[in-house]
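So the chains spell out like this:
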Amino acid sequence: MEMWLLVGLIVLLMVLRQPVLVLLGCAALFVYSVWGDGRPEYAVYDVWFAVNQEVLLAIPLFVLAGAIMSKGTIAERIINLMREVTRPIPGGLALAAVLSCAGFAAISGSAAVTLLAVGGIMYKALIEGGYTKSFAIGALCSGGVLGIIIPPSIPLILYGYITQVSIAQLFLAGIGPAMVLVAIFAAYGFILNFKRREGGWRISGFLYALRRSIFALPIPLIILGGIYGGIFTVTEAAAVAVVVAVFVEVVLHRDLSMTDLKGVTVESSKLLGSLYPVLAFAFALNVFLTAEGVPQSLVAQLNGVIDGKVEFMLMANALLLVVGMVIDVGSATLVLAPLLQPLAEAQGIDPVHFGIVMIVNLGIGYLTPPLGLNLIVAMAAFKEGFWTVTKAVLPFIGLMFAGLMVIAFVPEIALMFIDSR
Amino acid sequence: MSAVLSFIGRTERWITIAAFALMALSLMADVVSRRLFMTGLIGATEVAVIGMVAVSMFGIGVATDEGGHLRPRLFDALIPKSIDELVDRLASAVTGLFFALFAGLAGFMVLQSVVLGDRTEILRAPIWTLQAMIFLAFATNAVRFFIYAARPDLKPGEDLETSAAGAADGDPHDPHDPGNHNTPSEPGAAAQSAESR
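Residues numbered from 1 in each chain as written. Chains lettered and ligands numbered in written order. Predicted model: local features only at pLDDT ≥ 70, side-chain atom pairs only at ≥ 80, totals over all residues. Heavy atoms only, no water.

Q: Could you give me a rundown of the overall build of chain A, with the residues and numbers involved?
A: Looking only at helices and strands, one finds 21 helices and zero strands in chain A. The C-alpha atoms of chain A give a radius of gyration of 22 Å, which matches the 22 Å a tight globule of 421 residues would have. Principal-axis analysis of the C-alpha atoms gives chain A an extent of 70 × 50 × 45 Å. Within chain A, the proportion of its 421 residues that are buried is 62%. Carbon and sulfur atoms form 68% of the exposed surface of chain A, whose accessible area is close to 14800 Å². Both charge centroids of chain A, one from 21 positive and one from 23 negative side chains, sit 19 Å from each other. (Helix = DSSP H or I, 4+ residues; strand = E, 2+ residues; numbered from the N terminus. Rg over C-alpha atoms; globule rule 2.2 N^0.38 Å. Buried < 20%, exposed > 50% of the residue type's maximum accessible area, 1.4 Å probe, protein only. Areas by Shrake-Rupley, 256 points an atom, 1.4 Å probe, with all protein chains shown as cover. Lys, Arg positive; Asp, Glu negative; His and termini not counted. Charge placed at Lys NZ, Arg CZ, Asp CG, Glu CD.)

Q: Run through the overall build of chain B, naming residues and quoting values.
A: Within chain B, the secondary structure is distributed over six helices and zero strands. Helices and strands appear in chain B in the N-to-C order α-α-α-α-α-α. Within chain B, buried positions represent 53% of all 197 residues. Excluding contacts between residues fewer than 6 apart, the proportion of contacts in chain B whose partners are at least 24 apart in sequence is 73%. Element-wise, carbon and sulfur atoms account for 69% of the exposed surface of chain B, whose accessible area totals about 8500 Å². (Contact = heavy atoms within 4.5 Å.)

Q: Quick one: what's the story with the interface of chain A and chain B, residue by residue and with numbers?
A: Contact with chain A, which involves 75 residues of that partner, is made by 78 residues of chain B. Scanning the region where chain A abuts chain B turns up four salt bridges. Here E236 of chain A ties to R34 of chain B by a salt bridge, and the two come within 2.7 Å at their closest N and O atoms. At the surface where chain A touches chain B, the tally comes to six residue pairs in polar contact (both at pLDDT 80 or more). When contributions to the side of chain A that touches chain B are tallied by element, the ones reaching two or more residues are helix 1 (2–15), helix 2 (20–35), helix 3 (41–51), helix 4 (58–71), helix 7 (111–128), helix 13 (234–252), helix 14 (258–291) and helix 19 (373–382) of chain A. Per element, the largest residue contribution to the side of chain A that touches chain B is 17 residues, and it comes from helix 14 of chain A. (Salt bridge = Lys/Arg side-chain N within 4 Å of Asp/Glu carboxyl O. Polar contact = N/O pair within 3.5 Å; in protein donor to acceptor, adjacent residues only side chain to side chain.)

Q: Explain the packing of helix 17 (residues 329–346) of chain A against helix 18 (residues 351–364) of chain A to me, and be specific about the residues and the numbers.
A: All names here are of chain A. At a minimum axis separation of 10 Å, helix 17 and helix 18 run at an interaxial angle of 145°. Pair helix 17 / helix 18 crosses with right-handed handedness. On helix 18, the residues that touch V329, A332, T333, L336, A337, L340, Q341, A344 and E345 of helix 17 are P351, F354, M358, I359 and L362. Tallied by class, residues from the contact of helix 17 with helix 18 come to eleven nonpolar, two polar and one charged. (Axes fitted to C-alpha atoms, helices over the stretch in contact; angles between N-to-C directions. Left-handed = near helix turned anticlockwise from the far one by under 90°. Nonpolar A, V, L, I, M, F, W, Y, C, P; charged D, E, K, R; others polar.)

Q: Provide a residue-level description of the pattern of salt bridges, including the pertinent values.
A: By the definition in use, this model includes 16 salt bridges over all chains. Salt-bridge contacts for K270 of chain A lead to E66 of chain B; the nearest nitrogen and oxygen are separated by 3.6 Å. Taken as a pair, K270 of chain A in helix 14 and E66 of chain B in the loop between helix 2 (44–65) and helix 3 (84–116) lie in two separate chains rather than in one. Looking at E66 of chain B, the relative accessible area reads 3%, which means it is buried. Three or more residues joined by partner-sharing salt bridges are found here, namely R17 of chain A together with D84, D88 and K155 of chain B.

Q: Go over a nonpolar patch on the surface with me, naming the residues and quoting the values.
A: Residues and elements named next belong to chain A. Taken together, M3, W4, V7, V11, V34 and W35 make up a surface patch of nonpolar side chains, about 570 Å² in accessible area. Secondary-structure elements contributing two or more residues to the nonpolar patch are helix 1 and helix 2. Sort the elements by how many residues they give to the nonpolar patch and helix 1 lands first, with four residues. (Patch = residues over 30% accessible without salt bridge, like charges linked within 9 Å, V, L, I, M, F, W, Y side chains within 5 Å.)

Q: I'd love a proper account of the confidence of the model for chain B, names of residues and values included.
A: Residues and elements named next belong to chain B. For chain B, per-residue confidence averages 80 on the pLDDT scale, and 80% of positions sit at 70 or higher. The low-confidence segment residues 161–197, where pLDDT is below 50, has 97 contacts with residues more than four positions distant or belonging to other chains. Reported for the predicted complex are a pTM of 0.78 and an ipTM of 0.79. (pLDDT = per-residue confidence, 0-100.)

Q: Explain the nonpolar core residue by residue, including any values.
A: Membership of the largest hydrophobic core comes to 206 residues, with the highest contact counts inside it found for I59, F62 and F354 of chain A together with F138 of chain B. With 15 residues, helix 14 of chain A is the single largest residue contributor to this core. (Core = buried A, V, L, I, M, F, W, Y, C linked by side-chain atoms within 4.5 Å.)

Q: Report on the environment of V49 of chain B, specifying residues and quantitative values.
A: Counting through the fold element by element, V49 of chain B comes out in helix 2. Distance from V49 of chain B to L74 of chain B, taken between C-alpha atoms, is 36 Å for residues 25 residues apart in sequence. Not counting chain neighbours up to four residues away, the residues in contact with V49 of chain B comprise N52, Q53, E54 and L57 of chain A.

Q: Residue-level account of the side chain of T120 of chain B, with values.
A: Residue and element names in this part refer to chain B. Mapping T120 onto the fold places it in the loop between helix 3 and helix 4 (127–150). Owing to a relative accessible area of 8%, T120 belongs among the buried residues under this scheme. With residues near it in sequence (within four places) discarded, T120 still touches E46, A125, I127 and L130.

Q: Tell me about the packing of helix 14 of chain A against helix 2 of chain B, residues and numbers included.
A: Their axes nearest at 6 Å, the elements helix 14 of chain A and helix 2 of chain B cross at an angle of 95°. Relative to helix 2 of chain B, helix 14 of chain A is oriented roughly perpendicular. Across the interface between the two elements, V266, S269, K270, L272, G273, S274, Y276 and P277 of chain A from helix 14 of chain A touch M52, V55, S56, G59, I60, V62 and A63 of chain B from helix 2 of chain B. (Parallel < 35°, antiparallel > 145°, perpendicular 65-115°, else oblique.)

Written out as structure tokens, the structure is:
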């Protein structure tokens, strides 16, 4: 009876156009009042504990660093270098687009930021280079998804936070799957655009592009090298990323004024102001569910039904694909990871591997209608209609799905860098 | 009412900017100190966490000012156009009530901490001063939404496509505020805005 009351309350609030934070907050109040000890104030204590966590420090700082680098010219400089490097290769510009997305993803941590930063420059170049509109949109939208797979990745931090899995290990595990997806996208671009070449090598052009990007290229190395070289933690790496980004864009490149910096900071606050309350209320619900032993009983019940790793992987991926179509990656991770991760572990699946599978899977949701974020961003950025964008990404959804299956059923791809350490 | 919204919005934006600077600089100083002097700065991480609490809580208001909160639109089509404005007012009032309720609960938490005399682990700062940020953030958002319920024309839009394109849909309350930088020439900022949905 109470369960139906809760469902009814959530539906009513949705009809009343309430934001996700209100839905989750009311759900937290409800469960603590009805099923808990009748102490709704526990929900606000959980909010306090959720936002007062050192492990979360990395998120706002990586968000700010990504925003600063998007606002400046780091993306443009990386793209120019990639174009010079791939000039003689058939379909080189397509490869440059994918590699630029991968390169920018390594400093942004976000899919839509990567799509806009790279797409804003590469879309016009691809069209002028004779590539079809459909291919250009599809390649850039799917390349943008690399932003949440290549470290640093905000959804991976959320997964690590909510499931208590090492974020440093999750970052390492993202590298192999990202390489698989880059290889798949590049191979597709190569085959489809075999006859298109930009020309031969231009040593002067290459050296010029290299000189322009000389301060941008080491940034991913500083961030990841610092973490895995034991110089600083993931959290500290995020602070270093902000300071380096400000230094490069304001002092060295001089492409960002202090006024721009202030605007970028306000934009980052806006993003965090919408993410953190959702995270805090999801945390409150998670605390309640864990205290009541819900994940444990779910594991016990489903373990009898699910027969082995393969069946679980298929079922979990099917569920996540559907969820990814209607819920954003952050919310889906915060709500589902605490429920699915114990199930995966009970089936003998490495929690780090499962985290990567989950994020790659939910990443496909960026490309699927009706709510795929990269579709909406691409519509606005490239001034194209919904169906044009949706049709353009269809082959890339297939490619990403193929990549997901490889990543899901060959755990070594995700775990190779962890095992080798 | 417009002046109240403008004052709250401007104050919260400046707090988040200062808090971001506090976070980045305290952690960076800790790393530098550890590398140079072989010892970290005592309490640097705690200071950064305080900054994060400020950003995350006062950021709620920044997101509200720019229509940046995630909202499922599953049932939007069910509402007839004729009562659209009424439902919009009702929606603002319900959100205001929600924030007011949580402000009350947060106030209770703050009072409990004052009574118990809880302090942070390293800097020994009174915890209630930090928890008060949660109370203030919920309270200012309650005020915002009650004002929106009374004056729907002051409520910011929540158009995803516009934000994604980076169109100038900045703070409706204070167009002259230099902190308002949601302009078309900011692809990164626009993406951040879109990502928040």
